[in-house]
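Tertiary structure, described
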Amino acid sequence: MVNLKIDNKEICVPEGTTIMDAAAQNGIIIPKLCYLKDINEIAACRVCVVEMEGKDRLITSCNNTVQEGMVLYTNSPKVRADRRNTVQLILSQHDCKCATCVRSGNCSLQKIANDLNILELPFGERIERQPWNKDFPLIRDSAKCIKCMRCIQICDKVQSLHIWDLEGAGSRSTVNVSGGRKIEEADCSLCGQCITHCPVGALRERDDTEKVWDAIADKNTITVAQIAPAVRTAWGEALGLSREDATVNKIADALHKIGVDYVFDTSFSADLTIMEEGNEFLERFTKGETKLRPMFTSCCPGWIRFIKSQFPHLVPQLSTAKSPQQMFGAVMKTYFADSINVSPDRIFTISIMPCVAKKGERNMELFYEEYAGHDTDVVLTTRELTRMIRSAHIPPHSLENREFDRLMKEYTGAGVIFGVTGGVMEAALRSAYYLVTGRNADPDAFKAVRNDGKGVKSAEIQIGDAVVKAAVVSGLGNTRRLLQQIEHGEVHYDFVEVMACPGGCVGGGGQIIHDGEELAYERGQSLYFLDKNAPLRFSHENPDVQKLYADFMGQPLSHRAHQLLHTDHQAWAMPRSDR
C-alpha cells in the first residue's frame, strides 16, 4: 500500500493506482476531457493536471501513479490558473455555439468551462471546418473536435476497425477518416461507439426527427412506430425518470401525444425473428451444415456491415432472417396495412432504436405485390426520441402507461432480452428446445449463454439427443478475435450470436450518453428482470405471432415468410477493408 496526501487528506491506496483514481476513491474529483480508463490514458488534454510538492512543473493525474509520501493539490491557485488557460485554449479552437449543439447540457467541455467560470476568451478563435456528407448516418463536425483521440482509441482498441486517425502535425494536427478516405468509402460499421465516447458534440447521429414531424403533419399519412427492447432501459435517463418509472408503455403514451397513430413494441418482431431464425438454425443444424462453420445471427446491422467488409467469405454463414426492425416494417406494410384496409404507400414506419447502424439498415428495399419501397421509413435513436419529447413540451412525469395497439400488441420475455448480449441466443434456444422435443424447458435453463461482461461466452446445450455448441460475443474487437479462432480451427461452434456494441443493444451507439460511464450491464439487468416477470417467456407462445402465421404467413420459412421476412445479404455492397 502507498501512503500519500491529496488536498490535505491522508490517503492509502494500492501500489500502481493512478493519482486520478486515488483521488476519486476518496471523494476528490479531478476534471478530465480525454481520459477513458484502459482505453485513452494519454493525457492529451492536460486538464487533469495536479501540483506536487517539491516539483515545479504540474503533472497529469490520469497516467501518473501514486508514490509513497506524495503531497498533491488538485485545485491550488497554480493548478486552477493552468487548467483555466488550457480550457480557454481548447475553446478557442472549438465552435462554442452551444445552443445549437445536441450535446448542450451533456458536454464535458461545457461543464468544465462553466465550473471554471470562463466567461470570455483571451485568445483569437481558429476553427477548423472540414466537409462532411450530411446524408451519412454518422455526422462529424470538425469545428467541435477537441483532438482528445477518444474516437481513435475506441475504434482501434475496442472495435478494431481503425476508422479514425490523426493527420497533420503540431498545431495543425487533426482527426479525420483514416487513409484519406471519405466516410462513405470507409468500412465503418456504424456501431456509434465513437459517438457515445466523444466528450463533446463533434460526433453525432444524423438527426431525422424533422422527417417524423413532417409525416405526422401529413393528413394522408398513417404513422406507425416501433420501440426496440433496449430503448426502455435508457430513455428515462435523459428525462429525469428512474429506470422503474421509465416504462416502455410511457414511451407509447409519449408517441401518441406527439401525434403518432399506432405504436408497437419491437419485442413482438423479436419473437417473430426467433420463429424464423430458430427454425432456420434447426434446419441447417440437422442437415449438418454447421459442422464446418457455424450459423451466425443476423439481427445486428453493425455486425452485418462488419462481416461484409472484414470477412466477406463468411457472409453465407449468416442467417437469412431480417432483423426485428426490418421484419416489423415488412409486416406493417403488408399484414397490418391489410388489416386497416389502407395502401402500404400510406404507411410511414418509424423505428425507435438504440442504434446508429439501423439508420443504414433502413435503406433495405421491400417489394411486395404492387408496393415498392422500404420496410422502415425512418429510424430515430433513443437520443432523438427524447429530443422529440422535449420538443413537444411533454412533462415526463405526466406520462402514463398506455397499452400498445392491437394486432401486434403481445410480446414475450424472450423478445425483450434481444436488447442484451446473449439474449438472442437464449431466446432462440428456448424455442429450439420446444421445436425439437415438443415441450418447454425451464425458461432459465439456458442462462449459461448470458454474457458476463467478458466479451465472449460459450456453452454446450443439450437439445433432445443433440448437443448444440453455442457462442455469444459482443464488441467488434472480440468478434474479430473469435472469427479468427474459428477460421484457424481453434474453436468450433454450431450457432454464434454477434452484437457489434459491447454489452449488446443496451450499450448501443444511439443510447443516452453518460461521459465516462459504461451502463450496458446495468441496463441489461433491467431486461432480464422484465423477462423474469413476464407472463410469457417463450417466443413460440406469443399469441399475436401465432395469429400472424395462421392468418397471413402460413408457417415459419414458408414462401411468403421468405419473401417478407428474409433477405439476401449479398444484395448490397460494403466498402472492403484493405487490411
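One can find the structure itself at the top, above this paragraph.
The structure reproduced in this document is the subject of the present report. Nothing here was measured: the structure is a model prediction, and the numbers come from that model.

Rules of the game
Residues numbered from 1 in each chain as written. Predicted model: local features only at pLDDT ≥ 70, side-chain atom pairs only at ≥ 80, totals over all residues. Heavy atoms only, no water. Helix = DSSP H or I, 4+ residues; strand = E, 2+ residues; numbered from the N terminus. Buried < 20%, exposed > 50% of the residue type's maximum accessible area, 1.4 Å probe, protein only. Polar contact = N/O pair within 3.5 Å; in protein donor to acceptor, adjacent residues only side chain to side chain. Contact = heavy atoms within 4.5 Å. Disulfide = S-S within 2.5 Å. Pairing = 2+ DSSP bridges. Axes fitted to C-alpha atoms, helices over the stretch in contact; angles between N-to-C directions. 1 Å grid on protein atoms, 1.4 Å probe; cavity = no way out; pocket = protein on both sides within 12 Å on 5 of 7 lines; lining within 4 Å. Points joined across faces, edges and corners; volume = space filled by probe spheres on them. Nonpolar A, V, L, I, M, F, W, Y, C, P; charged D, E, K, R; others polar. Salt bridge = Lys/Arg side-chain N within 4 Å of Asp/Glu carboxyl O.

Examining the side chain of S142
You can see S142 is positioned in the loop between β6 (138-140) and α4 (150-158). For S142, a relative accessible area of 2% translates into the label buried. A distance of 3.2 Å separates a polar atom in the side chain of S142 from the backbone oxygen of E128. There is a polar contact of 2.6 Å between the side chain of S142 and the backbone nitrogen of Q130. Ignoring any residue separated from it by four or fewer positions in sequence, one finds S142 in contact with E128, R129 and Q130.

A closer look at the state of the cysteines
Enumeration over the complete set of coordinates arrives at zero disulfides. Unpaired in this structure, C148 has its nearest cysteine sulfur neighbour in C198, at a distance of 5.9 Å. Free of any disulfide, C188 has its nearest cysteine sulfur in C194, 6.4 Å distant. Classification of C188 as buried rests on a relative accessible area of 7%.

Comments concerning the sheet that holds strand β2 (residues 9-13)
Spatially, five strands are ordered β2-β1-β5-β3-β4 in an open sheet, and the strand pairing comes out mixed. The outermost strands of the open sheet, each flanked by one partner alone, are β2 and β4 (59-60). Pairing analysis gives five bridges linking strand β1 (residues 2-6) to β2, with the strands arranged antiparallel. Bridging across to β2, I6 finds its partner in K9. Sheet strands touched by helix α2 (residues 77-92): β3 (49-52) and β5 (71-73). Its angle to β3, the strand with the most contacts, is close to 155°.

Some details on the layout of surface pockets
In this structure, the second largest pocket spans a volume of roughly 680 Å³. Forming the boundary of the second largest pocket are 37 residues, of which G360, E361, N363, M364 and W572 lie nearest the centre. Of all elements in the fold, only α9 (301-310), α11 (357-361), β14 (365-368) and β16 (378-381) reach the threshold of two or more residues within the lining of the second largest pocket. At four residues, the largest contribution of residues to the lining of the second largest pocket is made by α11. A per-class count over the lining of the second largest pocket returns 17 nonpolar, seven polar and 13 charged.

Considering the sheet that holds strand β13 (residues 347-353)
The four strands lie next to each other as β11-β10-β13-β16, forming an open sheet whose pairing is parallel. Whereas interior strands pair on both sides, the edge strands pair on one side only; in this sheet they are β11 (262-265) and β16. Within the sheet, the average angular offset between the axes of one strand and its neighbour, ignoring direction, is 25°. Examined bridge by bridge, β13 and β16 share four bridges and lie parallel to one another. Of the residues in β16, the one forming a bridge with M353 is T381. Helix α10 (residues 324-339) contacts β10 (222-227), β11, β13 and β16 of the sheet and is inclined by roughly 155° relative to β13.

With respect to the environment of C98
For C98, the position within the fold is in the loop between α2 and α3 (108-115). Classification of C98 as partly exposed rests on a relative accessible area of 30%. Separated by 456 residues in the primary sequence, C98 and G554 have C-alpha atoms spaced 54 Å apart. Apart from residues no more than four positions distant in its own chain, C98 is found in contact with S104 and Q110.

Brief notes about the pattern of salt bridges
Enumeration over the complete set of coordinates arrives at 35 salt bridges. Here K37 ties to D21 by a salt bridge, and the two come within 2.8 Å at their closest N and O atoms. Of this pair, K37 sits in the loop between α1 (19-24) and β3 while D21 sits in helix α1, and the two are 16 residues apart along the sequence. Judged by its relative accessible area of 47%, K37 falls in the partly exposed class.

Some points on empty space enclosed by the protein
Considering all chains together, one arrives at five cavities of 30 Å³ or more under this definition. If you add up the space inside the largest cavity, you get close to 280 Å³. Broken down by class, the residue content of the lining of the largest cavity amounts to 19 nonpolar, six polar and one charged.

Comments concerning helix α7 (residues 248-258)
Turn by turn, an α-helix covers 3.6 residues, leaving residues three or four places apart pointing in a common direction. Along α7, nine of the eleven residues are buried, which leaves the element largely enclosed by surrounding structure. Looking only at α7, the buried set comprises V248, K250, I251, A252, D253, A254, L255, H256 and I258. Summarising the contacts, the buried residues of α7 are in contact with α6 (209-217), β10, β11, β13 and α12 (382-391). After α7 finishes, the residue G259 shows a positive phi value of roughly 125°.

So, the pairing of strand β17 (residues 456-463)
Both faces of the sheet carry side chains from a regular strand, because those side chains alternate between them. Pairing between β17 and strand β18 (residues 466-474): eight bridges, direction antiparallel. Across the sheet, residue E460 finds its bridge partner in β18, namely K469. Count of turn residues in the β17/β18 antiparallel hairpin: two residues, of which G464 carries a positive phi of about 65°.

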